[in-house]
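These are the residues of each chain, in order.
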Amino acid sequence: MMKIFAMVLAGLVFLVFPTETVFAQEAAVAPTFDVEQASRVYIDTLKGEALEKSNSYFEGGYWLILWGAMVGFLVDFLILQSRLSARFRNWAQRVTKKRWLQPGLYTLPYLIVGFILALPWTIYTGFFREKQYDLMSQGVGSWFGEQVIGFLLSLAIFPLLIIAIFTVIRRAPKTWWLWGTGVVSIFLFIGMLLGPVFISPLFNDYNDMEKGQLRDRIVAMAADNNVPADNIYVFNQSRQHKRISANVSGVGPTIRISLNDNLLERTSPEEVAAVMGHELGHYVLGHTWRLVSIIAAIIALGLFLISRITPRLIARYGDRWGVRDIADPAALPVFGLLLTLYFFAATPALNTLTRVNESDADLFGLNTAKEPDGFAKVAMRLSEYRKIEPGPIEEMLFFTHPSGATRVRMAMEWKAQNIENPQIVKPGLLEQE
Ligand SMILES: [Zn+2]
């Protein structure tokens, strides 16, 4: 929280202080560069119907967090209350006498039934709503195909995780939550290590970025920061949607930066450079590790709460549900609904942790690419799916990235401090060049 507080303070100083000094010192000499005015020029390019559409899409998403948690909770509750969970366990016990294997088998019907029960919700939020806002370029068939691939992956991986978790529950009934955190962290680590190599290519084609001026510039930026430039990929995300995007993924030998083709095709070289500066920031600032340790801490607390609450719920409702104790695989939906509540409650904290990283990467990107106007333009383009100018509390609760307005202001502030004789750029005119 201290860090957030410091950032808010820094933001206030940025907004107020330099504009005043600029006015005081240079008003008589040259046309002044007013940060707020320069920012407004950008922010005000989004108006009318486009602004309404952007706000309504993103604000609707606030409710989806709540409904999504309710759907997750209800699915697990139904599986318990209908005694399906007890039946899945009985089935697993009939199939194998190996006790360690039973939780793994249990997860198969559990995942299948959960997938089917949540399907209407998945289709509405993942497909229809995206289509409704014209953010989707995929047909329902290929979209659903990807959902099935994702589901099959979970059928392959989740049973292994659950076997490991129930093994530590049986071996260390008091401290299993701590060992369980270790187990989850190992799975997370393996997933991050192998994800870019084995999972991402199931959904998109990844190719080396084409040779040319832009690539040379990115390679130079990467080299300045000791990032191996052979790890820059372009992937064909335009087959799924038209959003511009880039990311850092992998760990150690598999770490890489990937740009989607929308970014390359829909934006100018200065914008691509600005985005790459940001992505290099994630890479250089070690955000992968920071996030992994934070997630591990969050999971530790979640599992600790589960280890304390589950036995009480079982004591009270166990007969009704047919769940015997915490080491019974049939208790898995109890874990599930508690985790759903926990992560729902933790949403603002998780968003803020992510947003702080993103803001750090933004600043790194400005210092590296030195393209404040390119960065401001990209920030405006992201309004396609992110509300451009939220209130401060709204931004704190719901934003995983700084809002467009915050980013434009940061860019203009950077420009005021780092560019000699800065000029206000009118993006509307530039766009037509
Ligand atoms: Zn980022």
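Residues numbered from 1 in each chain as written. Predicted model: local features only at pLDDT ≥ 70, side-chain atom pairs only at ≥ 80, totals over all residues. Heavy atoms only, no water.

Helix α12 (residues 332-369) packs onto helix α3 (residues 48-81) with a crossing angle of 165° between their chain directions and a minimal axis gap of 8 Å. Relative to α12, the element α3 is oriented roughly antiparallel. For the pair α3 and α12, the sense of crossing is left-handed. Contacts between α3 and α12 involve I65, L66, A69, G72, F73, D76, F77, I79 and L80 from the former and P333, V334, G336, L337, T340, L341, F344 and T347 from the latter. Class assignment of the residues belonging to the contact of α3 with α12 gives a composition of 12 nonpolar, four polar and one charged. (Axes fitted to C-alpha atoms, helices over the stretch in contact; angles between N-to-C directions. Helix = DSSP H or I, 4+ residues; strand = E, 2+ residues; numbered from the N terminus. Parallel < 35°, antiparallel > 145°, perpendicular 65-115°, else oblique. Left-handed = near helix turned anticlockwise from the far one by under 90°. Contact = heavy atoms within 4.5 Å. Nonpolar A, V, L, I, M, F, W, Y, C, P; charged D, E, K, R; others polar.)

Quick look at the coordination of the zinc ion now. When a metal holds four donors in a tetrahedron, each ideal angle between them is 109.5 degrees; when it holds six in an octahedron, the ideal angles are 90 or 180 degrees. Protein-derived coordination of the zinc ion comes from H278 (NE2), H282 (NE2) and E358 (OE), at a distance range of 1.9 to 2.1 Å. If you list the donors of the zinc ion from N- to C-terminus, the spacing comes out as H-x3-H-x75-E. One end of the pair, H278, is in helix α10 (residues 269-284); the other, E358, is in helix α12, with 80 residues separating them in the sequence. Exposure class is identical for H278 and E358. Each is buried. (Donors = N, O, S within 2.8 Å, 3.2 Å for Na, K, Ca; no water. Buried < 20%, exposed > 50% of the residue type's maximum accessible area, 1.4 Å probe, protein only.)

Another point: the domain arrangement of the protein. Per the domain assignment, the segments of the protein are domain 1 (2-14 + 29-205 + 284-431) and domain 2 (206-283). A C-alpha centroid distance of 22 Å is found between domain 1 and domain 2. On the side of domain 2, 37 residues touch domain 1, which itself brings 43 residues to the contact. Ranking the residues of domain 1 by area buried against domain 2 places N204, D205 and V284 at the top, with a combined share of 18%. Counting the contacts that link domain 1 with domain 2 gives six salt bridges. For E371, the salt bridge identified is with R217, shortest N-O distance 3.0 Å. Counting across the domain 1 and domain 2 interface gives 29 residue pairs in polar contact (both at pLDDT 80 or more). Those elements that provide at least two residues to the side of domain 1 that touches domain 2 are α6 (140-171), α7 (176-203), α11 (287-321), α12 and α13 (372-381). (Domains from an automatic or database assignment. Buried area = accessible area lost by both parts, 1.4 Å probe. Salt bridge = Lys/Arg side-chain N within 4 Å of Asp/Glu carboxyl O. Polar contact = N/O pair within 3.5 Å; in protein donor to acceptor, adjacent residues only side chain to side chain.)

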